[in-house]
2 protein chains.
Amino acid sequence: MEKISQAGAANHELNDGKDAINNVSVCGYDSLHQLLAQNLKPQIFQEVSRLLLGLNCGKPLQTISLAEPVKSLSLKHDFDLQAFCFHADKESVREPRIVRVGLIQNSIALPTTAPFSNQKKAIFEKVKPIIEAAGASGVNILCLQEAWMMPFAFCTREKGWCEFAEPVDGESTQFLQDLASRYNMVINHIPRVGDFNESTYYMEGNTGHPVFETAYGKIAINICYGRHHPLNWLAFGLNGAEIVFNPSATVGELSEPMWPIEARNAAIANIYFVGSINRVGTEIFPNPFTSGNGRPQHTDFGHFYGSSHFSAPDASCTPSLSRFRDGLLISDMDLNLCRQLKDKWGFRMTARYELYAEMLARYLKPEFEPQVISDPLLNKKAS
Amino acid sequence: MEKISQAGAANHELNDGKDAINNVSVCGYDSLHQLLAQNLKPQIFQEVSRLLLGLNCGKPLQTISLAEPVKSLSLKHDFDLQAFCFHADKESVREPRIVRVGLIQNSIALPTTAPFSNQKKAIFEKVKPIIEAAGASGVNILCLQEAWMMPFAFCTREKGWCEFAEPVDGESTQFLQDLASRYNMVINHIPRVGDFNESTYYMEGNTGHPVFETAYGKIAINICYGRHHPLNWLAFGLNGAEIVFNPSATVGELSEPMWPIEARNAAIANIYFVGSINRVGTEIFPNPFTSGNGRPQHTDFGHFYGSSHFSAPDASCTPSLSRFRDGLLISDMDLNLCRQLKDKWGFRMTARYELYAEMLARYLKPEFEPQVISDPLLNKKAS
């Protein structure tokens, strides 16, 4: 059954690849996984899923059945709801260390022209039932999207949006604290919206790569653009993180082909779980702006394509949440998997950290000479 | 049209995921890309391809049309033949820097019980027409698979296979030198088979991360297991590599879900092209051996699943070569793409190398303290 509309099909013929992406992006299908499930015979879909999502303990990822009240919440408030279970092998000495983790992606609730406090309150009202669904599902650790209480206004470079900033113990924190204590959940977000990540608004941070030791496990946050930096991911791993969240806000043209790759590689290479969150929707801003890409001024950044997902250290991963709808993704994770894989694959053991430390130290010096072996014939041709 | 045989279908029901993988692996389909092309409507396949292979300069990757004599060679000698073109944007000052790069994957030619010199010569004879096809196609830089002139015997841990080792200027080198000079090609392989990468046969190397400056561009080799280490990939990038090859030998159960991810992430994060090569076939050895995974002794390592491919720094990649057949993959690459993306995405610019160098140096010290912030309530519960 074709899920791409006729309008999308016509637009696919456009010569401008970017327009084609935009139009196809807003048509029909919720996720790659769903698109394949609906268009492939089951046996072929199963093999394709093995290649695309990997296997966990030698089997396709199991789904978790959630309680009816939770499902009802997702229908009533129209959010995508998916739940999976990452197993580890049974051990003889240790019990399984299972933690239930959730990700929430959402679009904003009011137009960006509404008064700021109304916008923020409306987002609170929008995510509240989704957080409650997470709590009712027994989620232990919940992460929201980057800058969740505001539109992603950094694209405008206008300083007025700074009014959304709050102190650490501001209203967003209080809102979440109430829900966190009700459900005994650890909830992560960007606690100081004043720590913006666009160079118009922020300076680079200097607080290192903290790992937060919670009641349920060791977690860390690698914000947005930080996912492009393997050494960022590495540092959280060296500090002992077992689950690293990447709350992001990104649009299709810049990043969609990379989105399934970077976090997944980080999970494999650093042997921890990764929760990737991206917001959804297209946000229209009141004043047009340009983006340094030659295009004329425009009032939106593009389509935030959601697609939040979890990646496991054994190279398996969940399907993605919807590319359009709000969503809650829940995964059980047996954290024993991290140590089992460290033992099995030996990546941490075989890494030549002393060589890399030495090389990076050399690289930073102005007199750094790259280790290049030149073809002697090249010099002869020049002379 | 279903490509998975009935035998494969029946085996899919097995409870042992590993047996199911093995049996499905040897059935029917050549590659994920081909499986999807044959089973999805064109419009849906196009969108799926966009998500899985990315876009190059906003468009799906272009194929290259090769000359008839080359195609005839591929039919006559039964190897998969594919060719693609990675474009970059036009620049106003620099001309395009286009290099044509090839990868060869192949199975061994004779049983592993044959005399070693016969085995090696038979492999020479097998790959020769494929190298000639590359030369006739105007390939500038060609890379063969890991330990290409021998069966991948390291799984046996038997020292007799060391007889395959050669000095740097041994017969394999001479064989390739002849072809390289005939076609004015740079050809890469493991020049000293004595540099084995299995701990029974090798010690860890200490020659750093050399980049070879050839007539066609700066290249490097990241061998096999090295692909699991992001810092390895990084080091080649810091030394200025523009194309990094990963000649590997790997089997489905261990690595197939990871295979499309690691090299692709390395290309994106380090802003260079990556050529990933894996051998094909199942190699049966004369003496059974165990693998430390609880399974009884066996005489083969598993199925080497080929799937060689190129990854570009813009997150696009080629479809893979066959999972079963010998193959030659050719790609044109405009190396200007590397600098364009460094400018556009700013990964190199924004990397906090000084912080990472400092952190790695600290990590190596016995007194290293991970940066962990503990929930104060945890301590209270314990007391």
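Residues numbered from 1 in each chain as written. Chains lettered and ligands numbered in written order. Predicted model: local features only at pLDDT ≥ 70, side-chain atom pairs only at ≥ 80, totals over all residues. Heavy atoms only, no water.

## Quick notes on the overall build of chain A
Here is step 1 of the chain: Within chain A one finds 14 helices and 14 strands.
Here is step 2 of the chain: When burial is assessed residue by residue, chain A has 57% of its 383 residues classed as buried.
Here is step 3 of the chain: Of all intrachain contacts in chain A linking residues separated by at least 6 positions in sequence, the fraction that spans at least 24 positions is 74%. (Helix = DSSP H or I, 4+ residues; strand = E, 2+ residues; numbered from the N terminus. Buried < 20%, exposed > 50% of the residue type's maximum accessible area, 1.4 Å probe, protein only. Contact = heavy atoms within 4.5 Å.)

## Details of the side chain of B:Ser311
Here is step 1 of the chain: With respect to the helices, strands and loops of the structure, B:Ser311 is situated in strand β12 (residues 309-311).
Here is step 2 of the chain: Sequence-distant contacts of B:Ser311, that is, excluding residues within four places in its chain, are made with B:Ala263, B:Arg264, B:Ala267, B:Tyr272, B:Phe273, B:Val274, B:Ser316 and B:Cys317.

## Here we look at the relation of the copies chain A and chain B
Here is step 1 of the chain: When chain A is fitted to chain B, the best match, at an RMSD of 0.0 Å, comes from turning it 180 degrees and sliding it 0.0 Å along the axis. The transformation relating the two chain copies, once decomposed into turn and shift, fits a two-fold axis.
Here is step 2 of the chain: Here 100% of the contact residues of chain A are again contact residues in chain B; the copies associate through an equivalent surface. (Least-squares fit on C-alpha atoms with pLDDT ≥ 70 in both.)

## What to know about the packing of helix α6 (residues 116-136) of chain B against helix α7 (residues 171-183) of chain B
Residue and element names in this part refer to chain B.
Here is step 1 of the chain: The interhelical angle for the contact between α6 and α7, taken along N-to-C directions, is 20 degrees, at an axis separation of 11 Å. By the angle between their axes, α6 is roughly parallel relative to α7. For the pair α6 and α7, the crossing hand works out as right-handed. Between α6, through Lys120, Lys121, Phe124, Val127, Lys128, Ile131, Glu132, Gly135 and Ala136, and α7, the contact on the second element is made entirely by Glu171, Ser172, Phe175, Leu176, Leu179, Arg182 and Tyr183.
Here is step 2 of the chain: Considered class by class, the residues forming the contact of α6 with α7 number eight nonpolar, two polar and six charged. (Axes fitted to C-alpha atoms, helices over the stretch in contact; angles between N-to-C directions. Parallel < 35°, antiparallel > 145°, perpendicular 65-115°, else oblique. Left-handed = near helix turned anticlockwise from the far one by under 90°. Nonpolar A, V, L, I, M, F, W, Y, C, P; charged D, E, K, R; others polar.)

## Here's the deal with the pattern of salt bridges
Here is step 1 of the chain: Overall, the coordinates contain 38 salt bridges over all chains when judged by the stated rule.
Here is step 2 of the chain: The partner of B:Glu262 in a salt bridge is B:Arg227, with the nearest N and O atoms 3.5 Å apart. In this pair, B:Glu262 is assigned in helix α10 (residues 259-270) and B:Arg227 in the loop between β7 (217-221) and α8 (230-238), connecting sequence segments 35 residues apart.
Here is step 3 of the chain: The exposure class assigned to B:Arg227 is buried, which follows from its relative accessible area of 5%.
Here is step 4 of the chain: When salt bridges with common partners are traced through the structure, they connect A:Glu47, A:Arg50, B:Glu256 and B:Arg323 into a single cluster. (Salt bridge = Lys/Arg side-chain N within 4 Å of Asp/Glu carboxyl O.)

## Description of unusual backbone geometry
Here is step 1 of the chain: Positioned with a positive phi, A:Ile271 is a non-glycine residue whose angle comes to about 55 degrees.
Here is step 2 of the chain: Secondary-structure assignment places A:Ile271 in the loop between α10 (259-270) and β9 (273-278).

## Regarding the sheet that holds strand β12 (residues 309-311) of chain A
Here is step 1 of the chain: Strand order across the open sheet formed by six strands is β12(A)-β9(A)-β8(A)-β7(A)-β6(A)-β14(B), with mixed pairing between neighbours. Each of the sheet's edge strands pairs with one partner strand only, and the pair in question is β12 of chain A together with β14 (372-374) of chain B. With direction set aside, neighbouring strand axes in the sheet form an average angle of 25 degrees.
Here is step 2 of the chain: Pairing between strand β6 (residues 211-214) of chain A and β14(B): three bridges, direction parallel. Counterpart to A:Val211 in the pairing with β14(B) is B:Val372.
Here is step 3 of the chain: Strands in contact with helix α8 (residues 230-238) of chain A are β6, β7 (217-221), β8 (243-248) and β9 of chain A; relative to β8(A), the strand with the most contacts, it is inclined by about 145 degrees.
Here is step 4 of the chain: Taken strand by strand, α10(A) contacts β8, β9 and β12 of chain A, and its axis lies near 155 degrees from that of β9(A). (Pairing = 2+ DSSP bridges.)

## Quick notes on the environment of A:Leu329
Residues and elements named next belong to chain A.
Here is step 1 of the chain: Turning to its location among the elements, Leu329 is positioned in strand β13 (residues 327-334).
Here is step 2 of the chain: For Leu329 and Asn270, which are 59 residues apart along the polypeptide, the C-alpha to C-alpha distance reads 22 Å.
Here is step 3 of the chain: The residues contacting Leu329, other than those within four sequence positions of it, are Gln82, Phe84, Val101, Gly102, Leu103, Ser308, His309, Phe310, Thr318, Pro319 and Leu321.

## Section: the interface of chain A and chain B
Many analyses report the size of an interface as the accessible area lost when the parts associate.
Here is step 1 of the chain: Facing 90 residues of chain A, the contacting portion of chain B comprises 90 residues.
Here is step 2 of the chain: Both faces combined, the contact of chain A with chain B buries some 8200 Å², and carbon together with sulfur accounts for 66% of it.
Here is step 3 of the chain: At the boundary of chain A and chain B, one finds two salt bridges.
Here is step 4 of the chain: When the shortest N-O distance is used, the salt bridge between A:Arg50 and B:Glu256 registers 3.1 Å. (Buried area = accessible area lost by both parts, 1.4 Å probe.)

## Description of helix α3 (residues 32-39) of chain A
Here is step 1 of the chain: Among the residues of α3(A), A:Leu35, A:Leu36 and A:Asn39 are the ones counted as buried. Down the axis of α3(A), the buried set is contained in an arc of 95 degrees. They therefore lie on one face.
Here is step 2 of the chain: Packed against the buried residues of α3(A) are α4 (42-53) of chain A together with α3 (32-39) and α4 (42-53) of chain B. (Arc of directions from axis to C-beta.)

## Here we look at the nonpolar core
Here is step 1 of the chain: With 64 residues, the main nonpolar core has A:Ile243 and B:Ile243 as its most contacted residues.
Here is step 2 of the chain: Contact partners of B:Ile243, with chain neighbours within four places excluded, come to B:Val99, B:Val101, B:Ile141, B:Lys218, B:Ile219, B:Ala220, B:Tyr272, B:Phe273, B:Met333 and B:Leu335. (Core = buried A, V, L, I, M, F, W, Y, C linked by side-chain atoms within 4.5 Å.)

## Regarding the pairing of β7(A)
All names here are of chain A.
Here is step 1 of the chain: In terms of burial, β7 is largely enclosed, as four of its five residues are buried.
Here is step 2 of the chain: Between β6 and β7, which pair antiparallel and follow one another directly, the connecting turn spans two residues.
Here is step 3 of the chain: Judged from the three bridges that link them, β7 and β8 form a sheet pairing that is parallel. Opposite Ile221, over in β8, you have Phe245 as the bridge partner.

## Considerations on the domain arrangement of chain A
Here is step 1 of the chain: Looking at chain A, the domain boundaries give domain 1 (20-53) and domain 2 (56-348).
Here is step 2 of the chain: One C-alpha centre belongs to domain 1 of chain A, the other to domain 2 of chain A; they are set 22 Å apart. (Domains from an automatic or database assignment.)

## Let's talk about the side chain of A:Ser308
Residues and elements named next belong to chain A.
Here is step 1 of the chain: Relative to the elements of secondary structure, Ser308 occurs in the loop between β11 (298-305) and β12.
Here is step 2 of the chain: Engagement of the side chain of Ser308 in a polar contact is seen with the side chain of Gln105, the distance being 2.7 Å.
Here is step 3 of the chain: A polar contact of 3.2 Å, which involves the side chain of Ser308, links it to the backbone nitrogen of Asn278.
Here is step 4 of the chain: With near-sequence residues (within four places) excluded, Ser308 lies in contact with Leu103, Gln105, Ser276, Ile277, Asn278, Pro319, Ser320, Leu321 and Leu329. (Polar contact = N/O pair within 3.5 Å; in protein donor to acceptor, adjacent residues only side chain to side chain.)

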